[in-house]
Structure formats: C-alpha cells, structure tokens
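Chain by chain, the residues:
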Amino acid sequence: MSMEKTRLKLGIAPLVDCAAIVVAKERGFFAEQGLDVQISREPSWANIRDKLALGSLDAAQMLAPQPISMSLGLGAIREPVIAAMGLGQGGNTITIGAGLCHRMEQMGGLTNHVLKAVIDDDKAKGRPVLTLAMTYPFSTHHYELRYWLAAAGIDPDRDVRLSVVPPPQMVGHLSAGNIAGFCVGEPWGSLAASMELGRVVATSDDIFAGRLEKVLGVTRSWAESHPETLKAMLKALINAGLWCDANRAELAEIVAQPAYVNVPVEAVRHALTKPGAPVFSAQAANFPWRSQAMWYMREMQRWGHLPADINTRRLAEDIYRPDLYRMAALELGRPVPLTDYKSEGEHAGPWVLTQATTPIAMGPDLLLDGARFDPNATAAAAPAPAHKESTP
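Notes on the structure in this doc start here.

Conventions we followed
- The numbering scheme is per chain: residues are counted from 1 as the chain's sequence reads.
- Two thresholds apply to this predicted model, a pLDDT of at least 70 for residue-level local features and 80 or more for giving and counting side-chain atom pairs, whereas whole-chain, interface and lining totals are computed over all residues.
- Water and hydrogen atoms play no part in the side-chain values, which are based on all heavy atoms of the structure.
- Following DSSP output, two strands are said to pair if at least two bridges run between them.
- Every helix listed is a DSSP run of H or I at least four residues long, and every strand listed is a run of E at least two residues long, numbered separately from the N terminus.
- A fitted line through C-alpha atoms represents every axis, and for helices the fit uses only the stretch in contact; the resulting angles, taken between N-to-C directions, go from 0 to 180 degrees.
- Think of a salt bridge as a Lys or Arg side-chain nitrogen and an Asp or Glu carboxyl oxygen that are within 4 Å of each other.
- Exposure categories follow from relative accessible area, calculated using a 1.4 Å probe and restricted to protein chains: below 20% of the type maximum is buried, above 50% is exposed, and the middle band is partly exposed.
- Put simply, a disulfide is two cysteine sulfurs that come within 2.5 Å.
- Contact criterion: two residues are considered in contact whenever any of their non-hydrogen atoms come within 4.5 Å of each other.

## A word on the sheet that holds strand β2 (residues 36-41)
Point 1. Strands sit in the order β2-β1-β3-β10-β4 across an open sheet of 5 strands; the sheet is mixed. The two strands at the open ends of the sheet, each matched to only one other strand, are β2 and β4 (81-89). Taken pair by pair, the neighbouring strands of this sheet meet at an average axis angle of 30°, ignoring direction.
Point 2. Here strand β1 (residues 7-12) runs beside β2; their pairing, made up of 6 bridges, is parallel. For I12, the partnering residue across the bridge sits in β2 and is R41.

Laid out in structure tokens, this is it:
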C-alpha cells in the first residue's frame, strides 16, 4: 500500500535522546522509507504538547507519561495520543548545585539520605525550603525525582519546592541560584558538571534501570488516518536506534549541532559514554511496554495526580501500542517481545527475555528502594505519601 503522506514535521526537545529522530534524518533512514522529514526543535515539552494537539507536528519525541496525560486531559489540553514505540531507556540525571553539594559533603556525602539531613537542618533553623526543578508536570523527570526523594523519607510536596524549568534553561537557573538542583535528560547534567556548577548525584539507572524514557507520540486520529506512513516512520526510527547504539562518537557530533541540542560536543560525548548513558535500541529499548505505562500511572496515583480508581491496564492498552511497533519491527526482521507486560524490579544484572520471536538480551531493571512492580497485581502499589496534592 502507498503512504498517505510523505512530507512530515517531527518535534524534538534539545536532549541527547532526540537522537533516533535526528539520525533518521541526518543518516538517511527516513529517506530510505520514502519520507521527507523536517525536524522542529521545540523549547519545552508544553510546546510539543500544544503543537502535536493542534496538528502543526505530525509526530514528536515525547516523555513516556505524556501521551497518558494528554489522553486524559491532565493539564492544558485533552487530545488522545498514542505511544507507538520507545525512543530509548534512561539518560536522566539528578544534579545538585555546588553550594548544596558542599553542605551535603560536610554532612556525609552526596546521597538522598544526606539531603534529608540537610533539609531537616534547614527546618530546624527556619530556613526557606530548597527549590528543585524538573521539566514538565507529567514527566519521567518529575516521577524520578519524587521517587529519589521519597526513598529517603523526603516529602516532595512539603519538604522541598518542585518547579518546572524547560531543559535548555536548567543550567542557567542553576548558575543564577534560582534552583538548588534539577532532574533533566542529558546533556544538561553533564554540562553543569563540566562547568563546575554542580554534581550529578543520581542517574535513571540508579532509580529505575531499564525504564522507558521517551516515546514517539502521535495523535490517535493521525495514526488511524496514516497507518502506512506511521509504519514507515517506525521502520526508519528502529534502524536509526540501531545506528545510534553502534556509533556513539559520531552520534555526539550529530546531535550537538545548533539545530538540535546546541551544546559543546564534549558534553554530549560524555553523556553518551558514561555509566547510565541512554540506550537507543538494545535491551528492547524501542518496545512500548504496557507494564511500564502502568508503572507510570501507579506513580501518578501515588502522588495524587491521577484518580486511584482509574483502570490503568485498560488505559495502557489504549495508549501504548506495541502492536504497531511489532508490525514494523517484524517487517525489518528484528526480534520483538511476544508479551506486552513484564514485572519490573527483579533483575540486578543481565538477563534474557525468552517470550520473544528470538531471545532478547536485557539489562538490569532494579528500582532504587528495592520495590517490585507486578502489572498483574496492581493492588500492590507503592505506599501513598503522608501528604498528597491534587495537582502536580
């Protein structure tokens, strides 16, 4: 069948994990599939949300929880959006500013438990609460930061102030002293560290290894009216992800360009090669696990951002679409999981997924606090905090 549309506009955020979309254009993977793609570098996740909903973007790099929040109308816009594939795992950092790092080191080290001691000391002395930034209310960064804080007994709604700052502005806000730290995708943590403005104290792998970070998002109506175009786009991005994992040195040169991330190439190279670097294809990184969609919704419920009685499994099946990914991957001869769900938090090291067309080598999937998440037993949710907010 012929494609419904061949000229596309795709949105990206200036982060290392825009890589698959950028490489698919720069290295000709879109062209191989008959697609002529324009990439639009957007300044914030809210911009991507709005432009996708309005139809000025055909598809976009999106935060893994963003199709969920948009489909449910959490925030400014309600528009059914699907996650057609993953664009990678991990790659975020929690970075603490130099001044706060100094205080933490004096009290024992750069851990979340020492941060709790600093916060308690501030409370006792009547100091203002610390402000920490994340990139979007319904974001991987927000829920990672909350998980990291809560694991040390810090109440994210009372003990600190959480603010939204777009990724490219994080380093500037840290330098100006407006925030004490942030959680954001690379290379912004590495850039802050290289400028000696702060230190990376945790990565995605420390909080939830193997977690889906970004997805390719399209509106449901667009997917239904452009099935062949969408499949061609998925094929191009699957091939681009393979290239990204295998060619990280060249990848750094590509994504650091002004049209994309617009930072020194050394910061991108460091972000792509350090421990906790994003994974673009290996370990089933492109598979949109419905179980992980359920985990995100569980965290949204934990913090009062989603009603407790909502059917997370049904929503995961509506919004995350591994069926679409499978069709594209199988036509390329790529191995794919045969299940849409898996338990999380069970593997400390490499393991093999056998429920697949051919066995797939997987990586660790531990959570920071040792918790496990079984999508078939969702009643075993994380404990609710002592204090909840109705909105993030």
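This is not the end of the story, as more comes after the structure.
## Some remarks on the pattern of salt bridges
Point 1. In this structure the tally under the stated criterion is 32 salt bridges.
Point 2. One salt bridge connects E186 with K274, and the closest N-O pair in it is separated by 3.4 Å. Note that E186 is positioned in the loop between β8 (181-185) and α9 (188-194) and K274 in the loop between α14 (265-273) and α15 (290-302), a separation of 88 residues in sequence. The same class applies to E186 as to K274, namely buried.
Point 3. Two residues, E331 and K235, come together in a salt bridge whose shortest N-O distance is 2.6 Å. Linking E331 in helix α17 (residues 322-331) with K235 in helix α12 (residues 227-246), this pair joins segments that are 96 residues apart in sequence.
Point 4. E331 gets classed as partly exposed once you look at its relative accessible area, which sits at 45%.
Point 5. Its relative accessible area of 14% is what places K235 among the buried residues.

## Considerations on the state of the cysteines
Point 1. One pass over the structure, following the stated rule, counts 0 disulfides.
Point 2. The structure places no disulfide on C244, whose sulfur is separated from the nearest cysteine sulfur, that of C18, by 9.0 Å.
Point 3. On the accessibility criterion, C244 (0% relative accessible area) is buried.

## What about the environment of M107?
Point 1. Of note, M107 is situated in the loop between α5 (98-106) and α6 (112-124).
Point 2. Given a relative accessible area of 39%, M107 falls into the partly exposed group.
Point 3. Along the primary structure M107 and A117 are separated by 10 residues, whereas in three dimensions their C-alpha atoms are 7.7 Å apart.
Point 4. Beyond its immediate sequence surroundings of up to four residues, M107 is in contact with V114, A117, V118 and D121.

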